[in-house]
Each structure stands twice: as C-alpha cells, then as structure tokens.
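# Summary of structural features
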Amino acid sequence: MEKRIWNFNPGPAALPLPVLEEIQAEFLDYKGSGMSIVELSHRSKVFEAVLNDAASRIKRLLSLGEDHQILFLQGGASLQFSMVPMNLLPENRSADYANTGTWATLAIREARRLGRTVRVAASSEDRQFTYIPKEIAVDPSAAYFHITSNNTIRGTQWQMFPDPNGVPLVADMSSDIMGRLFAPEPFGLIYAGAQKNLGAAGVTLVIIRRDLLERVPENLPTMLQYTTYAKSNSLHNTPPCFALYTVQLVMKWLEEHVGGLARMEELNREKAKLLYDLLDQTSFYRGTAEKESRSLMNVTFRLPSESLEDLFLSEASRHGFVGLRGHRSVGGCRASLYNAVSLDAVRALAAFMSDFARRHG
Ligand SMILES: *Cc1c(COP(=O)(O)O)cnc(C)c1O
C-alpha cells in the first residue's frame, strides 16, 4: 500500500486506517449480499442491522440509558442550529446560550432568525473567544442552555461542563464527541456532524432525551421534527446509507480496537500534551487559546510572523503533513488531533515542529 499522508485536517478529517481497509475489503460484496453497501435497500434487514449496530455502539460508548434516543439526520450540525429552537424553544419562552466562538454565534443567530428569544448567558467575545467562560448563571426558567463543547476554530474546549441549574443542556459536540468521557445526565440534546470524530460527512448524530420529544410542535415540516426520526428509527425516508455505515465502523473501531472512551481520552490527552508542551517550551510558537481552556482536539498556534507561517505550512506539506492552516477567519496554524489521528502522526509532527523552530528560531 502507498504511504498515506499525515492528515491533520479540521473536517472532513482523518478516518482510522482499519476502517478504510474494511470499507475497501467489503465494498463490492457487502456481507455476501452480492452488492455494495451503497446499492442495498435502506429497508433491507442488512442495512437496518448496520443502523441499529451504530446506534447501540454509540449508546454503549457514551453510557446512555433508556432515557436517551439516538437519531440520524442530514443537514449537518448547521441545520441543528435551526432545528433545536424550532423543536425545543416555544415562542413564549427563552433559551440561554454560551457564545464561545463562530459556531456558537451562528447557533444564536439562527435561533434569533426564527424570532425566538435568546439570552447570551456567557460569552468570551471580549478576548476573541480564546477562553471558556466561568461562573455562568443559567436562567432556571430557560427552555434549554446551549453550549459548543469544543470550539474547532479557536481551539478551546469546556474542561468541565457547566451546571445547568436543572435546565436541559444542549450541546454542539461536532468536533469532540467520542473524544473523552463525560456524564450524559444533564444533556437534553447533543448533536454532531459526523465528519470530525464519527465518520464520513453526510450524517448528523442527534441524541435526545425522550421527554423533550413532547415539546416538538406538530405544525413543523415533517422532516424538521425530531419525532419523525424518533418514530421511524431514522428511516422515515432514505438515510445517508454510506455515511451511516462509516459511523458504524468507526464506533466498532473505538470499542474493539481502541478499547472504549476512557482509553481514547488517554490517547487524546497524550497526543495534545506533545504539542502543548512544545508550544510552552519554545518562544517560537505561541498557543492562541488560554491554557486552562485548551482543546484536546484542535491545537491552535502562531509563529513569529505570517511569512514564517507560510513557510512552515509549505515545508510541512513537503514533509507529508497536511491540514495545518488555521481557519480562514483567524489565520495562523491549527493541528486537529481527532480520534483517528495516531500518536505516531502527532509524534512526527512534534519532531518536525521542533526541527523547524531550531532552524528558523
Ligand atoms: C464543523 C462544525 C460545525 C459545522 O458542521 P456542518 O456539519 O458542516 O454543518 C458546527 N459546529 C462545530 C462545533 C463544528 O466543529
């Protein structure tokens, strides 16, 4: 097999090699069906087994009980910015949001676009979203409290989830779901686009606490109601079959190859530490997120000048490292260390970065 590149893309992102190999091996003849997974009926037993296995693995990995239901939707995390308020925020109530970066800002904007009342309960906009706010007073009468668990663009992450004061927590976990352990009880709803830590782009995971389904207004378009997916096992219409299959395989890899979320978290901490230690030990690189808010998934940093950043990125790509350019809205550099990025890949990047600093510092 040809050498694969060191992939630090922010999303779509690296997938585990054993998963890609499994897809390749069974692509022409899925489990003796004589067809590819992308040619099967979504109503066949074979496909339903894929979907059900993906859902039960997700529940096991996150230790979810019967209170939470797994739904598979389309439209990305971005559609959830609208679906969450449409389904869970009645017009006569208000919802609290934490504004910790671009994605949170977009979620707030979409809720307001619908004419809903949103209160920004906490914000880190005063210091360019470089930290996670502390001491948040959630309005006990809020319909929900929305957070973005990991801020992909700025490289910050909630280290501990806020106390929602009895209000259901709603979280956009697109860029860190399955990256670490957490207690699911305070969460009323969790959503995540698949293309960072779950699988291929095209499917969106929604985890909803069953009691919240009672809030869903009946006059919403069918495809925008969570209940449509809850009642049909996410098979009201054709689901994104291939993307769902990749999610199943990635969850299987997490359980059987990595050994579960506790082990995944350990590996992610080890990976992130390699880069953060390097940022702290040289004055050449400067981490842009405040230390106590640093993300395990997206390590953001600057070099002494933009011209050195350009040189760094072009040398990196010649050495086989891709995806290190910061988001276009903030510039600089970013290494995304999602679950599928191996310790070896991060070790290789750290070695390259030390060497680059020595030569140009
Ligand atoms: C990538 C990302 C999104 C956007 O996801 P889409 O699936 O492209 O809509 C939203 N929120 C966060 C935190 C992200 O990282």
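Residues numbered from 1 in each chain as written. Predicted model: local features only at pLDDT ≥ 70, side-chain atom pairs only at ≥ 80, totals over all residues. Heavy atoms only, no water.

Attention now goes to the overall build of the chain. What the chain contains, in helices and strands, is nine helices and 14 strands. Relative to a compact globule of 361 residues, whose C-alpha radius of gyration would be 21 Å, the chain shows 21 Å and is just as compact. Oriented by its inertia axes, the alpha-carbon framework of the chain measures out at about 65 × 55 × 30 Å. In the chain, which comprises 361 residues, the proportion classed as buried is 57%. In the chain, 67% of the contacts between residues at least 6 apart in sequence involve partners at least 24 apart. Roughly 15600 Å² of accessible area belongs to the chain as shown, and the carbon and sulfur atoms make up 51% of that amount. (Helix = DSSP H or I, 4+ residues; strand = E, 2+ residues; numbered from the N terminus. Rg over C-alpha atoms; globule rule 2.2 N^0.38 Å. Buried < 20%, exposed > 50% of the residue type's maximum accessible area, 1.4 Å probe, protein only. Contact = heavy atoms within 4.5 Å. Areas by Shrake-Rupley, 256 points an atom, 1.4 Å probe, with all protein chains shown as cover.)

Ser-78, Thr-152, Asp-172, Gln-195 and Lys-196 are the nearest of the 13 residues found near the ligand. Protein contact buries 86% of the 390 Å² of open area that the ligand shows by itself. Considering every element that reaches the shell around the ligand, the biggest residue donor is helix 3 (residues 76-88), with four residues. Grouping the constituent residues of the shell around the ligand by class yields three nonpolar, eight polar and two charged. (Near = heavy atom within 4 Å. Nonpolar A, V, L, I, M, F, W, Y, C, P; charged D, E, K, R; others polar.)

Turning our attention to the nonpolar core. Ile-58, Phe-72, Ile-177 and Met-178 are the most contacted members of the largest nonpolar core, which has 57 residues in total. Element by element, the count of residues in this core is highest for helix 6 (residues 241-258), at eleven residues. Split by domain, the residues of this core number at least three in each of domain 1 (18-258) and domain 2 (260-360). Apart from the residues within four sequence positions on either side, Met-178 is in contact with Ile-58, Leu-61, Leu-62, Asn-197, Leu-198, Met-251, Leu-254, Leu-261, Met-264 and Asn-339. Ala-272, Leu-279, Leu-337 and Phe-352 belong to the second-largest nonpolar core, a separate cluster that totals 34 residues. (Core = buried A, V, L, I, M, F, W, Y, C linked by side-chain atoms within 4.5 Å. Domains from an automatic or database assignment.)

Further remarks concern the packing of helix 6 against helix 7 (residues 261-281). It is the contact of helix 6 with helix 7, at a shortest axis distance of 9 Å, that shows an interaxial angle of 85°. What the angle tells us is that helix 6 and helix 7 run roughly perpendicular. Along the contact surface, helix 6 presents Trp-253, Leu-254 and Val-258, while helix 7 presents Leu-261, Arg-263, Met-264 and Leu-267. Taken together, the residues of the contact of helix 6 with helix 7 break down into six nonpolar, no polar and one charged. (Axes fitted to C-alpha atoms, helices over the stretch in contact; angles between N-to-C directions. Parallel < 35°, antiparallel > 145°, perpendicular 65-115°, else oblique.)

To continue, consider a nonpolar patch on the surface. Judged by side-chain polarity, Phe-27, Leu-28 and Val-38 come together as a nonpolar surface patch covering roughly 300 Å² of accessible area. Structurally, the position occupied by Phe-27 is in the loop between helix 1 (17-25) and helix 2 (45-61). Residue Phe-27 is classed as partly exposed on the basis of its relative accessible area of 33%. (Patch = residues over 30% accessible without salt bridge, like charges linked within 9 Å, V, L, I, M, F, W, Y side chains within 5 Å. Salt bridge = Lys/Arg side-chain N within 4 Å of Asp/Glu carboxyl O.)

This brings us to the environment of Val-203. Structurally, Val-203 is set in the loop between strand 9 (187-193) and strand 10 (204-209). Other than its neighbours up to four places away in sequence, Val-203 contacts Phe-72, Leu-73, Ala-192, Gly-193, Ala-194, Pro-240, Ala-243, Leu-244 and Val-247.

Turning our attention to the sheet that holds strand 4 (residues 117-123). Spatially, seven strands are ordered 2-10-9-8-5-3-4 in an open sheet, and the strand pairing comes out mixed. Looking at strand neighbours, the two that pair on one side only are strand 2 (68-73) and strand 4, the edges of this open sheet. Strand-to-strand twist of the sheet, defined as the mean angle between neighbouring strand axes without regard to direction, takes the value 20°. Along the sheet, helix 2 makes contact with strand 2 and strand 10, crossing strand 2 at roughly 135°. Sitting on the sheet, helix 3 touches strand 2, strand 3 (94-99), strand 8 (169-172), strand 9 and strand 10, and the angle it makes with strand 9 is about 155°. (Pairing = 2+ DSSP bridges.)

Purely geometric stuff here, so don't read any function into it on its own.
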